[in-house]
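Given next are the chains, with one letter for each unit.
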Amino acid sequence: MEMIKSKSLSRSLLKGTVLNFGLQLANRNLSKNNFWQTLLVGAAGGFGDYFGGNAAMGAIIGGGNALINKTKDFSTAVKYAAIGGAADLLLKVKEAKAEEFPEKDKWIIEWDIQLPKGRLKRVVQEDYEYGCTQATLKSIADYFGTKITNEGEKVGYDFADFAKKNGFHTITLSYGDYAEETNKIIYKNVDEFYTIIASYLQRGWPIAATYFNGYLNHTVGVWRIIKKRHTQKKDKVRYDIKITDSAKIDYLTSLPSEMFERAIIRAVKPY
């Protein structure tokens, strides 16, 4: 007989809180003035999930956000309930993956390559929707012991163009999903892709990766890549991409390989 796992209150609270921060940010409603209200509504939604499921969580979060954002649209509860179901599914997938490979020692490191001087310093971008290009280049400039000379305007920039304005040379190692098929750089396989990129890190070139984060294009600095192989299933390989992220909230320290492989990837060095 299969054992049914009991619902965890802490898991529900985490689910509600993370979900509501994501919703407020995606809808451009999150600000320093409603940070704590967003936190409380998310936690209340978590209680709703624990005691009544996704529908209850959706109703609480939908109504709470309507009050926070000073709107009267309480009909969004159904939408939030549906999104809650998707969040629940993602959590279950993550748990299933953890159960599939529960022991850390089932993975061995084949190679671990990073910048000679280590981690890139984190510089926080000015706004939620722009500034990642500037902040990432500032971080890379700091690695080389210099500063950028052209701050630019408060808009989004192509990283290569902005780097050139500030005296940095970039080499595009992959166009990911951002170029026509005929313009893409071709690698023999995934391992060659990561090996070549890691070789630039080894030579002291920081990497800038621009990817779509589900809301907008976002640029981060890459300073370390680790290749791991499963000890029992020899054909299973994974890559850990360590990054320095300038995002104002919910910044990442590692980038999923699926996103990295679809990004514009550029090696950076002063002229």
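These notes cover the structure that comes with them.

Calculation criteria
Residues numbered from 1 in each chain as written. Predicted model: local features only at pLDDT ≥ 70, side-chain atom pairs only at ≥ 80, totals over all residues. Heavy atoms only, no water. Buried < 20%, exposed > 50% of the residue type's maximum accessible area, 1.4 Å probe, protein only. Helix = DSSP H or I, 4+ residues; strand = E, 2+ residues; numbered from the N terminus. Pairing = 2+ DSSP bridges. Salt bridge = Lys/Arg side-chain N within 4 Å of Asp/Glu carboxyl O. Phe/Tyr/Trp six-rings, centres within 6.5 Å; stacked < 30°, edge-to-face > 60°. Lys NZ or Arg CZ within 6 Å of the ring centre and 35° of its normal.

All right, on to the pairing of strand S4 (residues 217–230) then. A large share of S4 lies buried, amounting to 11 of its 14 residues. Across 7 bridges, the pairing between strand S1 (residues 107–114) and S4 is antiparallel. Within S4, the position partnered with Ile-108 by the bridge is Arg-229. The pairing of strand S3 (residues 207–212) with S4 spans 6 bridges and is classified as antiparallel. In the sheet register, Phe-212 faces S4, and the bridge partner there is Asn-217. The antiparallel pairing of S3 with S4 creates a hairpin that spans 4 residues between the two strands, and Gly-214 there sits at a positive phi of about 100°. Where S4 and strand S5 (residues 237–244) come together, 8 bridges link them in antiparallel fashion. Across the sheet, residue Ile-226 finds its bridge partner in S5, namely Asp-240. Between S4 and S5, which follow one another and run antiparallel, lie 6 residues.

Turning to the pattern of salt bridges, a few remarks are in order. Considering all chains together, one arrives at 8 salt bridges under this definition. Here Lys-227 makes a salt bridge to Asp-191, at a shortest N to O gap of 2.8 Å. Residue Lys-227 is found in strand S4, and its partner Asp-191 is found in helix H7 (residues 190–202); the two are separated by 36 residues along the sequence. For Lys-227, a relative accessible area of 6% puts it in the buried group.

As a further point, take the packing of aromatic side chains. Any two aromatic rings considered together are summarised by their centre-to-centre distance and by the angle between their planes. Going through the model one piece at a time under the given rule, you end up with 10 aromatic pairs. An angle of 80° between the planes, with centres 5.4 Å apart, marks the rings of Tyr-143 and Phe-144 as edge-to-face. Overall, the relative accessible area of 23% leaves Phe-144 in the partly exposed class. Counting every residue linked through ring pairs, the aromatic cluster contains Trp-111, Tyr-187, Phe-193, Tyr-194, Tyr-239 and Phe-260. The residue whose ring lies beneath Lys-117 is Tyr-143, and the NZ or CZ to ring-centre distance is 4.6 Å. Against the face of Tyr-251 rests Arg-122, its NZ or CZ located 3.6 Å from the ring centre.

Interpretation note: all reported values are geometric properties and have no functional meaning in isolation.
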